[in-house]
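For reference, the chains in residue letters:
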Amino acid sequence: MRLMHISDLHLGTSLYDTDITADIEHALFSEILGRIYREVSAQGRIDGLIIAGDVFDKAQPPAYAEEIYGRLLTAAVDLGMKVFVCSGNHDDPLRLAANEKLMSRLDIFINRPFSAEEPLRVEKFGDIDIALLPNVTLSDVNAAYGEELLTMTDAIKKVFEKAGLPGKRRCLLVAHQAVAGHDRVIGKQATVDADAFSGFAYTALGHIHKAQRIGGRENLHYSGSPLPMSFSETNYRHQVVAV
């Protein structure tokens, strides 16, 4: 089974009042889909596409951004791929999942908004489960479960405990969170210790725009954004990750 992992598309964004839509389209359709086409030609079918959050740059994206997103999903489905999407902190999870029942019929799976009843969406995919965790904050988790947890590590562990994950089946997690060990300082309370994800076969991360493995672990990976979102990111490595 082969999957491709991308994140942080930020469709609808601008760079210092400059519209970079054409650059994002080139990155998505020429570079990312171009690589997928080449791999399909060389090695056969790619089974799935993972989008680990921040599909859009704003909670209410412009129509042209939604059109680009639709074209990306269409291209993936046309290639026979299933698509797995989790919402990021820039996305409105309710809006992103507005048509999730219809999307599911097309093999496009999107998490619903975080709640105590359904903290993650879990889909069976061959011999593994794929779990979609929307971006959550400490206050989200405390409010959902009536807790007074003090760190994001404890909050994420509580979410996994309530969801019964990881279970007996191998599980791939898609999440949009800041994990301790990346090279951007955010603060202890806002980051999750890498060990919180140790039970998952692979964790496809979004949120940090620089592609990197956390702590050298092959199964804990930020794909990074498809192109720089600020001048400070021009030297970042931007890529699509094969899983």
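Residues numbered from 1 in each chain as written. Predicted model: local features only at pLDDT ≥ 70, side-chain atom pairs only at ≥ 80, totals over all residues. Heavy atoms only, no water.

Here we take up the sheet that holds strand 12 (residues 220-222). Taken together, six strands build an open sheet; the order of strands is 7-8-9-10-12-11 and the sheet is mixed. What marks the edges here is a single partner per strand, and that holds for strand 7 (121-125) and strand 11 (212-213). The pairing of strand 8 (residues 128-133) with strand 9 (residues 170-176) spans six bridges and is classified as parallel. Paired with Leu133 across the strands is Ala175, a residue of strand 9. (Pairing = 2+ DSSP bridges. Helix = DSSP H or I, 4+ residues; strand = E, 2+ residues; numbered from the N terminus.)

This part takes up the environment of Val55. One can find Val55 in the loop between strand 4 (48-52) and helix 2 (63-78). The exposure class of Val55 is buried, given its relative accessible area of 0%. On a C-alpha basis, the gap between Val55 and Ser7 in space is 7.2 Å, while along the polypeptide they are 48 residues apart. Excluding anything up to four places from it in sequence, Val55 contacts Leu9, His10, Leu11, Tyr69, Val85, Asp91 and Leu96. (Buried < 20%, exposed > 50% of the residue type's maximum accessible area, 1.4 Å probe, protein only. Contact = heavy atoms within 4.5 Å.)

Interaxial distance between helix 5 (residues 138-145) and helix 6 (residues 152-163) falls to 9 Å at its minimum, and their mutual angle equals 45 degrees. One way to sum up the angle between helix 5 and helix 6 is to call them oblique. The two elements helix 5 and helix 6 cross, and the hand of that crossing is left-handed. Contact residues: helix 5 offers Leu138, Val141 and Tyr145, while helix 6 offers Met152, Ala155, Lys158, Val159 and Lys162. Considered class by class, the residues forming the contact of helix 5 with helix 6 number six nonpolar, no polar and two charged. (Axes fitted to C-alpha atoms, helices over the stretch in contact; angles between N-to-C directions. Parallel < 35°, antiparallel > 145°, perpendicular 65-115°, else oblique. Left-handed = near helix turned anticlockwise from the far one by under 90°. Nonpolar A, V, L, I, M, F, W, Y, C, P; charged D, E, K, R; others polar.)

Turning to the confidence of the model for the protein, a few remarks are in order. Per-residue pLDDT for the protein averages 86, and the proportion of residues at 70 or more is 85%. In the predicted structure, residues 185-189 sits below a pLDDT of 50 and forms seven contacts with residues beyond four places in sequence or in another chain. (pLDDT = per-residue confidence, 0-100.)

So, on to the layout of surface pockets. Put simply, the largest pocket is a space of about 210 Å³. Residue lining of the largest pocket: 15 residues in total, with Phe56, Glu66, Tyr69, Arg95 and Leu96 positioned closest to the centre. Elements that contribute at least two residues to the lining of the largest pocket include exactly helix 2, helix 3 (93-96) and helix 4 (100-105). Examining the composition of the lining of the largest pocket, we find that three residues originate from one element, helix 2, more than from any other. (1 Å grid on protein atoms, 1.4 Å probe; cavity = no way out; pocket = protein on both sides within 12 Å on 5 of 7 lines; lining within 4 Å. Points joined across faces, edges and corners; volume = space filled by probe spheres on them.)

Cis geometry is found at the peptide bond from Leu165 to Pro166, where omega equals -10 degrees. Looking at where Pro166 falls in the secondary structure, it is placed in the loop between helix 6 and strand 9. Positive phi, close to 55 degrees, is recorded for Asp8, a residue that is not glycine. Of note in this structure, His207 is not a glycine but carries a positive phi near 125 degrees. Tracing the sequence through the fold places His207 in the loop between strand 10 (202-206) and strand 11.

Only one face of strand 7 is covered, namely the face carrying Arg121, Glu123 and Phe125; the face carrying Val122 and Lys124 is uncovered. Relative to strand 8, strand 7 runs antiparallel, the two being bridged by five bridges. Residue pairing for strand 8: Lys124 is matched across the bridge by Asp129. Counting the residues that bridge the hairpin from strand 7 to strand 8 gives two residues, and of these Gly126 lies at a positive phi of roughly 65 degrees.

Tallied over the entire structure, the rule returns twelve salt bridges. Here Lys158 and Glu161 are joined by a salt bridge, their closest N and O atoms 3.6 Å apart. Taken together, the positions of Lys158 and Glu161, both in helix 6 and three residues apart, correspond to about one turn of that helix. Residue Lys158 is classed as buried on the basis of its relative accessible area of 14%. (Salt bridge = Lys/Arg side-chain N within 4 Å of Asp/Glu carboxyl O.)

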